[in-house]
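# Report on the structure
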Amino acid sequence: MTPGLAFFYGGLVRRKNVLNTMMSSVFIMGLASVLWILVGYSLSFGGNTAGIIGTLQNAGFAGLSEQLSSYAPTVPSMVFAAFQMMFAIITPALITGSVAGRMNFKALFLFVLLWSIVVYYPLAHMVWGEGGLLGEVLGSVDFAGGNVVHISSGVSGLVLALMLGERRGFHRVSYRTHNIPFVVLGACLLWFGWFGFNAGSAL
C-alpha cells in the first residue's frame, strides 16, 4: 500500500516535488519498520501503563515467537507483529500528502519519528492494546484502523498543513498535477492493498 501511496501522491504534486514526495513514502517504510521493531510494537501491544501506552517488555521483538498471539489466537505472535507493522508504516505515510511542497525531508524525518512515539503508539495501545483506555475501558470499536490510522493521520495532516501554510510558489490557477496515470496506478495499488488491510484485520 505504501508504494501505491507514493505513486498516488507523486502523481498529484507538481513536477518539482515528485522525487521528494515519492521518497517520503519510501523512507517512511524504513524508518517506521525499524522504530516498530525497536519500541513500537512493545509500546502498542506489550504490557499496559494506565491504559495509555504499553511497556518495553517486547522491545526489539523480545519474547515474540511462533506461539499463537494473545491478540490473534489463530496466528503466531511474530506474524501479528509484522501485520501490525503495516499499519504503523502506512499511517505516517498518509500524512505526507498534506506536507508535500511544504516541509523538507529532514523536518519530515524528525516529525515522523516523534509523531510515531507520541501519537501513533499510544493511540494504537489505547484502542487495540490489552487494557487500553479507549478500547477496553470506554468500549471504542475500531476495525482496520478507522480511528488509529485514518482519523489520527487525517487530523495530523490537517493541523500540519494549517501550521505550515500555503506551498511555496503555489498559484491555484496555474497548478497542474504531475502525472494522472501515476494517480490511477497508485489508487489501484492502494485498492488492492485494502483487501489485505481490511480482510487481514479479521485475523
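Refer to the structure printed above.
Residues numbered from 1 in each chain as written. Predicted model: local features only at pLDDT ≥ 70, side-chain atom pairs only at ≥ 80, totals over all residues. Heavy atoms only, no water.

### With respect to the overall build of the chain
We count it as follows: Elements are defined by DSSP. Helices are runs of H or I of four residues or more, strands are runs of E of two residues or more, and each kind is numbered from the N terminus. Using C-alpha atoms as the atom set, the radius of gyration is obtained and then compared with a globule rule of 2.2 Å times the number of residues to the power 0.38.
Regarding its fold elements, the chain presents 7 helices and 0 strands. Shown N-terminal to C-terminal, the secondary structure of the chain runs as helices and strands in the order α-α-α-α-α-α-α. Scaling as 2.2 N^0.38, a compact globule of 203 residues should have a C-alpha radius of gyration of about 17 Å, and the chain matches this with 18 Å. For the C-alpha atoms alone, the extent of the chain along its principal axes is close to 55 × 30 × 30 Å.

### A closer look at the nonpolar core
Note that soluble globular proteins tend to have their nonpolar side chains buried in a common cluster. Short version of the rule: Think of a nonpolar core as a cluster: buried Ala, Val, Leu, Ile, Met, Phe, Trp, Tyr and Cys residues, connected wherever their side-chain atoms sit within 4.5 Å. With a 1.4 Å probe rolled over the protein chains alone, any residue whose accessible area is under 20% of its type maximum counts as buried; one over 50% counts as exposed, and the rest are partly exposed. Only heavy atoms matter for contacts: two residues are in contact if any of them lie within 4.5 Å across the pair.
Core analysis: the largest hydrophobic core is formed by 43 residues, its most contacted members being W36, Y41, F45, F80, Y120, W128 and V148. Contributions of two or more residues to this core are made by helix 1 (2–12), helix 2 (18–45), helix 3 (77–99), helix 4 (105–128), helix 6 (146–164) and helix 7 (180–200). Not counting chain neighbours up to four residues away, the residues in contact with F80 comprise Y41, F45, S69, Y71, A72, V75 and L203. Counting residues in each nonpolar core, the second largest holds 5 residues, with A6, V13, M22 and A100 among its members.

### Quick word on unusual backbone geometry
Negative phi is the rule for most residues except glycine; trans is the rule for most peptide bonds. The backbone of A50 shows a phi angle near 55°, a positive value even though the residue is not glycine. Positionally, A50 belongs in the loop between helix 2 and helix 3. Residue class for A50 comes out exposed when judged on its relative accessible area of 69%.

### Describing the side chain of S156
Which entries qualify depends on this criterion: Any N or O atom pair separated by 3.5 Å or less is treated as a polar contact, with the protein-specific requirement of one donor-capable and one acceptor-capable atom, and with residues adjacent in sequence counted only for side-chain atom pairs.
With respect to the secondary-structure elements, S156 resides in helix 6. Judged by relative accessible area, S156 falls into the buried class, the value being 14%. For S156, the side chain forms a polar contact with the side chain of W115, separated by 2.9 Å. Those residues within four positions of S156 in sequence are excluded, and the remaining contacts are I95 and W115.

### Considering empty space enclosed by the protein
So the rule is basically this: Grid points spaced at 1 Å over the protein atoms alone were grouped into cavities, where a 1.4 Å probe fits but cannot get out, and pockets, open sets with protein on both sides within 12 Å along at least five of seven lines, with lining residues defined by an atom within 4 Å of a point. Grid points are joined across faces, edges and corners, and a volume is the space filled by probe spheres set on the points. We call Asp, Glu, Lys and Arg charged. Ala, Val, Leu, Ile, Met, Phe, Trp, Tyr, Cys and Pro are nonpolar, and the rest, Gly among them, are polar.
Under the counting rule described, the total for this entry stands at 1 cavity of 30 Å³ or more. Roughly 40 Å³ of internal volume is contained in the largest cavity. Counting residues per element, the ones that place at least two in the lining of the largest cavity are helix 2 and helix 3. If you tally residues by element for the lining of the largest cavity, the top one is helix 2, at 3 residues. Taken together, the residues of the lining of the largest cavity sort by class into 4 nonpolar, 5 polar and no charged.

### So, the packing of aromatic side chains
Just so we agree on the cut-off: Stacked, tilted and edge-to-face are the three classes applied to pairs of Phe, Tyr and Trp rings, where Trp contributes its six-membered ring and a pair requires centres within 6.5 Å; stacked means planes under 30 degrees apart, edge-to-face means over 60, and tilted covers the rest.
Per the stated rule, a full pass over the model turns up 17 aromatic pairs. Between F83 and F87, the ring centres sit 5.2 Å apart and the planes meet at 85°, which makes this aromatic pair edge-to-face. With F83 and F87 both in helix 3 and 4 residues apart, the pair spans about one turn of that helix. Note on F87: relative accessible area 1%, which makes it buried. Chaining the aromatic ring pairs together yields one cluster made of W36, Y41, F45, F61, Y71, F80, W115, Y120 and Y121.

### A word on the environment of G154
For G154, the position within the fold is in helix 6. Between the C-alpha atoms of G154 and T91, which are 63 residues apart in sequence, the distance is 9.2 Å.

Purely spatial values, then, with no claim about function.
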